[in-house]
Amino acid sequence: MSRFKDRTRTALMVIDVQNDVVATAYKRDEIVANINSCVEKARAAGVPVIWVQHSDEGLPIDSEGWEIVSELAPNVGEPKIRKTFRSSFVETDLAAVLAKLSVSHLVITGAETNNCVRFTSHNALELGYDLTLVEDAHTTSDFEWENGMVKASQIIDEQNASFAYLTMPDQKISLTNSADLLF
């Protein structure tokens, strides 16, 4: 039984699909197109779309790099969450926005898989939300780590595999692809 007994709605989250965040992302154009498909499906079904934008010292608010990519266009009135931490819930009004919209189920898309997508997803689960990760609608970039290069494709595969078998008491957790996503 969900912690949100009085909430019955689903919302689509588009996390950090910003110019500089996805500039070198794995399969950038394909993933952005898949996210756009998810946005179109959500809007057609009357499902709220929530846009998240990260900012920090290297990604200042209102800079070109901070802007959402040109292929995606938030509609007037769709909530926009500005954040400075990896989780979209930390020091933002996201929880209040979700409560106002009566949302108990989040469909997650965006960037970066190993950072803001992962931390937002795990935080949502800890807070009691049901969650669907769209396996072909999140991305990241390769990065250098202590023991060498970590490939973006491996990070994405690991995140998807983790969610495929993840369970939580009294919560629904699922993995789908953009073509099969239903609202």
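Every value quoted in this text rests on a predicted model; they were computed, and no experiment measured them. (Residues numbered from 1 in each chain as written. Predicted model: local features only at pLDDT ≥ 70, side-chain atom pairs only at ≥ 80, totals over all residues. Heavy atoms only, no water.)

**Considerations on the overall build of the protein**
Secondary structure assignment for the protein yields four helices and eight strands. Ordering the α and β elements of the protein from the N terminus gives β-α-β-β-α-β-α-β-β-β-α-β. On C-alpha atoms alone, the protein measures out to a radius of gyration of 15 Å, which is about the 16 Å that the 2.2 N^0.38 rule sets for 183 residues. With respect to the three principal axes, the spread of C-alpha positions in the protein is 45 × 35 × 30 Å. (Helix = DSSP H or I, 4+ residues; strand = E, 2+ residues; numbered from the N terminus. Rg over C-alpha atoms; globule rule 2.2 N^0.38 Å.)

**Concerning the pattern of salt bridges**
Taken as a whole, this structure holds six salt bridges when the rule is applied. With a closest N to O distance of 2.9 Å, Arg-28 and Asp-29 form a salt bridge. For Arg-43, the salt bridge goes to Glu-78, with nearest N and O atoms at 2.8 Å. Of this pair, Arg-43 sits in helix α1 (residues 28-44) while Glu-78 sits in the loop between β2 (49-54) and β3 (80-83), and the two are 35 residues apart along the sequence. A single network of salt bridges, built from pairs that share partners, joins Arg-28, Asp-29 and Glu-71. (Salt bridge = Lys/Arg side-chain N within 4 Å of Asp/Glu carboxyl O.)

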